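Each chain, written out:
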Amino acid sequence: MINLKFKDEVESFNKNFGKFKNMRIALYGIGRMTSVILTELGMQYNFVALLDKDPENIGRNIRGVPIVSVENAEKVADIIIINTHRNYWNIIFHRIRDVKIPVYYLDGTIARTEVLEESSGNEYWQKDVKDLEREVENYDIVTFDLFDTLIARSILIPDDVQNLSSDRLNDITDSLGNFYDERKRADSLLSNKYINIDEIYDIIWNKNSYSEELKEMAKRIELDVERVVSYPRADMVKLCNRISEEKEVYIISDMYLPTSFLKELCYKAGISENIPLMISNELKHSKKDGSLWEQFVKEHEKSQIIHIGDDVIGDIEQPKRYGIATAYVASPNKIWEMSSMKELLVSVQTKAESVFAGLLCKRLFADAFGLVATRGKVILKSYEDIGYVLFGSMIYTFLEWIDEQTKKQNINRIFFMARDGYWLIEDYNYLKSVACKKIYTQAQYLPVSRELLLIADCDSDKEWSPLLEHPYSGRFCDYVKSRLHYSLPENDEHSDEWIVLPSEISKIKEWLRPYIDMIFPGLSKEANEFKEYLNELHLCKDDALVDLWYAGSSQKLLSKILGIDLQGFYMVVRKQASDNDMHACFQKNNDYKGEDSYIRKQSIFVESFLTAPYGMIKSIKQDGTFMTEPKMTNQKEWNARIRINNGIKEFIKDYEKLGNRWIDTDFINELWKQFYLGNIEIEEQLKCAFYYDNILSKVQEYPVFE
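Residues numbered from 1 in each chain as written. Predicted model: local features only at pLDDT ≥ 70, side-chain atom pairs only at ≥ 80, totals over all residues. Heavy atoms only, no water.

Time to look at the nonpolar core. Counting 232 residues, the largest nonpolar core has Ile386, Phe391, Tyr479, Phe605 and Trp672 as its most contacted members. When residues in this core are grouped by element, the largest group, 13 residues, is from helix α17 (residues 383–408). Among the nonpolar cores identified, the runner-up in size contains nine residues, and Tyr250, Leu292, Trp293 and Ile324 belong to it. (Core = buried A, V, L, I, M, F, W, Y, C linked by side-chain atoms within 4.5 Å. Buried < 20%, exposed > 50% of the residue type's maximum accessible area, 1.4 Å probe, protein only. Helix = DSSP H or I, 4+ residues; strand = E, 2+ residues; numbered from the N terminus.)

Bringing a positive patch on the surface into the picture now. A cluster of basic side chains, namely Lys268, Lys362, Lys653 and Lys657, defines a positive patch on the protein surface. Tracing the backbone through its elements, the reader meets lysine 362 in helix α16 (residues 351–365). Overall, lysine 362 belongs to the partly exposed group, its relative accessible area being 33%. (Patch = residues over 30% accessible without salt bridge, like charges linked within 9 Å, V, L, I, M, F, W, Y side chains within 5 Å. Areas by Shrake-Rupley, 256 points an atom, 1.4 Å probe, with all protein chains shown as cover. Salt bridge = Lys/Arg side-chain N within 4 Å of Asp/Glu carboxyl O. Lys, Arg positive; Asp, Glu negative; His and termini not counted. Charge placed at Lys NZ, Arg CZ, Asp CG, Glu CD.)

Its place among the elements puts glutamate 536 in helix α23 (residues 516–537). As a C-alpha pair, glutamate 536 and arginine 168 span 368 residues in sequence and 44 Å in three-dimensional space. Here glutamine 622 takes part through its side chain, which lies 3.0 Å from a polar atom of the side chain of glutamate 536. (Polar contact = N/O pair within 3.5 Å; in protein donor to acceptor, adjacent residues only side chain to side chain.)

Below, the discussion takes up unusual backbone geometry. Each neighbour pair has its own omega, and for alanine 418 with arginine 419 the value is -10 degrees, a cis peptide bond. Residue placement: arginine 419 occurs in the loop between β15 (413–417) and α18 (421–434). Of note, the amide linkage connecting leucine 501 to proline 502 takes the cis form, showing an omega dihedral of 15 degrees. For proline 502, the location among the structural elements is in the loop between β18 (498–501) and α22 (505–512). In the Ramachandran plot, lysine 284 falls in the positive-phi region, its phi being about 60 degrees despite a non-glycine side chain. Here lysine 284 is to be found in the loop between α12 (280–283) and α13 (291–299).

Pairing of side chains with opposite charge becomes possible as their charged atoms draw close. Within this structure, the stated rule accounts for 34 salt bridges. With its nearest N and O atoms 2.8 Å apart, the salt bridge here joins glutamate 384 to arginine 643. On the criterion of sequence distance, the pair formed by glutamate 384 in helix α17 and arginine 643 in helix α28 (residues 638–658) is long-range, its members being 259 residues apart. Notably, a salt bridge pairs aspartate 459 with lysine 531, separated by 3.5 Å at the nearest N-O pair. Of this pair, aspartate 459 sits in helix α19 (residues 450–461) while lysine 531 sits in helix α23; the two residues are 72 residues apart in sequence, bridging distant segments of the chain. Classification of aspartate 459 by relative accessible area gives buried; the value is 4%. A network of salt bridges, in which partner residues are shared, links Asp145, Lys287 and Asp315.

Here it is, written out as structure tokens:
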């Protein structure tokens, strides 16, 4: 009879490797997952060896299967199956890639080294800002394009300025109907390419009977949005200012906005006030049709001129027609198109996604030559970038989704469960502080752990087997100390022996027999204190729990202890795992096991950040004070997590300025897919701050990245 907890793992293994039952198999990995496979399928398959990265484990055995070296595995086995969390598959295969027998991942695919296509082989990655500075040395006059060259917008599509403006206008008044359509219709009717914003609004108002007051308000809102979304491209601004100290410099732009407003944006961007602006709507000439360049050359016919810009026609082809040299500088959007994460762009569909993508552009691609050193490979170079780019949108959307679900399900309070909820509740409260228009559900942090819930549940039933046989691998003395809160005497004959649970539970119960009277009364006391604490919270059926994933075991245990059915909100769940009332954010309806979620596929990385500054909670008093296990590396590297969360808060603040509608979860899944595939990477020196630890199952911890 298969243990129901591991039914999915066993069925998946049979599906992927049933055809190899007559072959000699070596499993890489000696943790819980291998213990499950050996226990449940050991009689059906020919498992001849186990592999582990730690050479000190060679010579040990688990359920009679020896741990051997890679060289020995080649001699005794026909294939190797990497039986670990998928996070480690590529790392492990890289470690044993020279092995002479076939290696398979746990999903049944043949292991291979992923060779990522170079993000771009074009000439753009061949030069940097210093090369550009040298290029302009021999010219008398240097001209710069403005938008997307010196200044960019933190939106992906320029039309979204009008889109966001319309949203803000509709929040104030509904008398304008769908103003965005009116605004775009006015643009489409324009035959005069030199028109300005005042004339655009005159066209709209001449067609409708709106008041002059509304017209000025609508125009003012659009300019306010431009102020919010505009930001400097710092490397290009510095270059422009440096050149202007030695040469004649002009800023030339095809733009409907007034010069006075553009000067304001330039001042805010740090562009020298001494540089003249030449704007199409005031000059009545355009770069794109060439008339502005024709006029400019006539006025400076004895000068050697070079223009720097991003538009192929207006900034490159047309000035060349009039004898002006040109230098191409890619816009942030174009750099994204050439980068290693270019595939994500095709997923941008909605306005919310466009706003989010614009913020990514600002964070990653504002520097015109920032990816030259990596030839287009996106590498997150600070903990703040990790928070902003990877976690920001995920946590923002998760929290907004939770709040929406609480209203749908008539939930009065939500409890963020420790330790995953430590940063989540801080960010939830921060979101409440910056999103002043909304009323959020009351939230509270719940200091709890799976171990503490198991202790309380077992004490209620007076049956300790679920606690004792919960998966574990490690030394017997460590198991007793961490799981049962008891220190074995020094002369215990089994103290240093390696154990694997649940497969060896009968033996462990025998070893524990002399200590039962010393262990279980202490655990019962802890269980009662925990229940007293829970009683103080007055949880009821109108409350809900927040956790990350997966089967809802903690939710089920807590509901059983309290005698009420609590709901649970998760990132990803196994929908058929239990009779819990579970809701998942980053999961499609037909994805019952969360197999398509790239966030779930990176779960140990997510968990290595979403933890608390203390170890696993061991016990808790009625007044809420709690005892914990010792700190591990994730806690010792706590400053890294503070910085990551600063990046998350920065994202929340930036996004709330522009959107306040949660981002489509499919798009966030696509972002994490880029990370999973290696198209977004983390700087090597930052990776050492992330460890996988689960002291309930194993005292050891392992780096997430190797």
